[in-house]
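Fold and contact review
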Amino acid sequence: MEFISPAIIKRIAAEYGFQFKKGLGQNFLSSQEVLEEIADAAQIDGGGVLEIGPGFGVLTNELAKRASKVTALEIDDRLIPILNDTLSEYDNIKIINSDVMKTDLKSLINEEFGDERISIAANLPYYITTPIITTVLEGKLPLNNMVVMVQREVADRLRAQPGTKDYGSISVLCQYYTVPELVRIVPAGMFVPAPKVDSAVLRMRFRESPAVEVKDEGMFFKTVRAAFSLRRKTLLNCLAANFAASKTDLTELMSSVGIDPRRRGETLSMDEFAALADVLTDFIK
Ligand code: SAM
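Residues numbered from 1 in each chain as written. Predicted model: local features only at pLDDT ≥ 70, side-chain atom pairs only at ≥ 80, totals over all residues. Heavy atoms only, no water.

1. What to know about the site of the ligand
Around the ligand, the structure places 24 residues, and the nearest of them are Leu 29, Gly 53, Glu 74, Asp 99 and Tyr 127. Glu 74 is positioned such that a nitrogen or oxygen atom in its side chain is 2.6 Å from an oxygen atom of the ligand. Here a nitrogen atom of the ligand sits 2.9 Å away from a polar atom, N or O, in the main chain of Val 100. Burial of the ligand by the surrounding chains reaches 99%, relative to a free accessible area of 600 Å². Taken together, the residues of the shell around the ligand sort by class into 13 nonpolar, 7 polar and 4 charged. (Near = heavy atom within 4 Å. Polar contact = N/O pair within 3.5 Å; in protein donor to acceptor, adjacent residues only side chain to side chain. Areas by Shrake-Rupley, 256 points an atom, 1.4 Å probe, with all protein chains shown as cover. Nonpolar A, V, L, I, M, F, W, Y, C, P; charged D, E, K, R; others polar.)

Take a look at the structure:
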C-alpha cells in the first residue's frame, strides 16, 4: 500500500465509487505518521492483532507488517472487495464481514489465535466507542494492549483521576483492568471526511491482575455505579438510592473504612471504592 495521505484516501473512494456513511462512523485516517504510531503503540512484536473497523485497510496494512496474523471485523460489506484489493500483498490478514457488537469476542479470539494473548488496535467508529470499550474491558479477554483512536473527551474520561470533572465509572472500569496512556492527540483535519471534534490515540495496557483486590467484583462495580449515579449529591445519598440499607447503617459502614459520608462519589480513589465495596459485600450477605 502507498504512503497514506488525504489524496490517497480520496482516490481510493473515487476509484470504487465509495460514499462515506456517517452513521457507521466512517472517518478514515489519512496520516501515515499516525497510522505508524498506532501500530507501534500496540507493541505487537510478531504476535496476533484484532482490528475493529478496517475501512480501506490503512491501519490493517501497518498492523500486518508487525504481526503474525491480523483478524479484522468490518460491518460494511461494500468495503470487503476494496480491502481484498488494497491488502492483496499480505497473506496474514483475515477480514470478517461482521458487526463487532454482535460478535462473541472471546470465542473469536480463541478460534483465530488459540491460547495466544493478543492486542486490539482500532480507529473506532465513534457512534459505538463506549459500548465497544466496555465490552472489551468487561469481557476478560486474553489481551496485552488495546490501542484505540477515540474522541478526545472519551480518552480524557478513560484516564481521568479522582476529583476531576472527567472522572466517572468508566474511568474506574478502565483503570481497574488496564493502565491507560495517551499516545497522542489527532486533529480532526487528519481524517477524510473530517469529524467535528479532535481525537486521541489511547493505549490501555492490560494488567496481570486487577488494580485492586475485592471480595466480589459485581459488588465493586455496583458500588462504583451507585457512587456516580447522582451527580452533585453526597455519597451517602447515592448509596441510599441504590442499596437496600438504611442511612444509619450506610453511614456506619462508610465510617468503618474511613470514608466521610458527605463526600461526593467522584472523589473516591480505586482503593476507597474497593474498601467500601468489601464492607457492603459483608453487610448485604
Ligand atoms: N480503520 C480505518 C481507518 O483508520 O481509516 C477506518 C476507521 S473508521 C473510523 C471506522 C470503521 O468501523 C469503518 O470502516 C466502519 O465501517 C467500521 N464499523 C462501524 N461500525 C462497525 C461495527 N459495528 N462493527 C465492525 N465495524 C464497524
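From this point, the discussion proceeds with the structure in view.
2. Some points on the pattern of salt bridges
Applying the stated criterion across every chain yields a total of 19 salt bridges. We note a salt bridge from Arg 117 to Glu 208, for which the minimum N-O separation is 3.8 Å. Residue Arg 117 is found in the loop between helix H5 (105-113) and strand S5 (118-123), and its partner Glu 208 is found in the loop between strand S9 (199-206) and helix H9 (217-227); the two are separated by 91 residues along the sequence. Under the relative-accessibility criterion, Arg 117 is labelled partly exposed at 34%. (Salt bridge = Lys/Arg side-chain N within 4 Å of Asp/Glu carboxyl O. Helix = DSSP H or I, 4+ residues; strand = E, 2+ residues; numbered from the N terminus. Buried < 20%, exposed > 50% of the residue type's maximum accessible area, 1.4 Å probe, protein only.)

3. Remarks on the nonpolar core
Formed by 63 residues in total, the largest nonpolar core has its most connected members in Ile 133, Val 136, Met 146, Phe 220, Phe 273 and Leu 276. If one sorts the elements of this core by residue count, helix H12 (residues 270-284) sits on top with 7 residues. Once you skip the residues sitting within four places of it in the chain, Val 136 turns out to touch Leu 105, Ile 120, Leu 141, Leu 143, Met 146 and Phe 206. Formed by 37 residues, the second largest nonpolar core is a distinct cluster that contains Phe 18, Ala 64, Ala 121 and Val 186. (Core = buried A, V, L, I, M, F, W, Y, C linked by side-chain atoms within 4.5 Å. Contact = heavy atoms within 4.5 Å.)

4. Points about the environment of Arg 263
Tracing the backbone through its elements, the reader meets Arg 263 in the loop between helix H11 (247-256) and H12. For Arg 263, a relative accessible area of 23% translates into the label partly exposed. C-alpha separation for the pair Arg 263 and Val 201, spaced 62 residues apart in sequence, amounts to 33 Å. At 2.9 Å, the side chain of Arg 263 and the side chain of Glu 272 are in polar contact.

5. So, helix H6 (residues 129-138)
Owing to its 3.6 residues per turn, the α-helix aligns residues three or four sequence positions apart on the same side. Of all the residues in H6, the buried ones are Thr 129, Ile 132, Ile 133, Thr 134, Val 136 and Leu 137. Lys 140 occupies a position one or two residues after H6 and carries a positive phi of about 45°.

6. What about the packing of aromatic side chains?
Within the structure shown, the criterion is met by 13 aromatic pairs. Ring plane angle 70° and centroid distance 5.3 Å describe the contact between Phe 18 and Phe 56, whose orientation is recorded as edge-to-face. In this pair, Phe 18 sits in the loop between helix H1 (6-16) and strand S1 (28-29) while Phe 56 sits in the loop between strand S2 (48-52) and helix H3 (58-66), placing the two residues 38 residues apart along the sequence. Residue Phe 18 shares its accessibility class with Phe 56, and that shared class is buried. Look at Phe 28 and Phe 56: their rings are 4.7 Å apart centre to centre, the planes differ by 80°, and that puts the pair in the edge-to-face class. On the criterion of sequence distance, the pair formed by Phe 28 in strand S1 and Phe 56 in the loop between S2 and H3 is long-range, its members being 28 residues apart. Residue Phe 56 is classed as buried on the basis of its relative accessible area of 1%. Put simply, the rings of Phe 18, Phe 20, Phe 28 and Phe 56 pair up and form one aromatic cluster. The side chain of Lys 69 reaches across the aromatic face of Phe 113, ending 5.5 Å from its centre. (Phe/Tyr/Trp six-rings, centres within 6.5 Å; stacked < 30°, edge-to-face > 60°. Lys NZ or Arg CZ within 6 Å of the ring centre and 35° of its normal.)

Keep in mind these numbers describe shape, not what the thing actually does.
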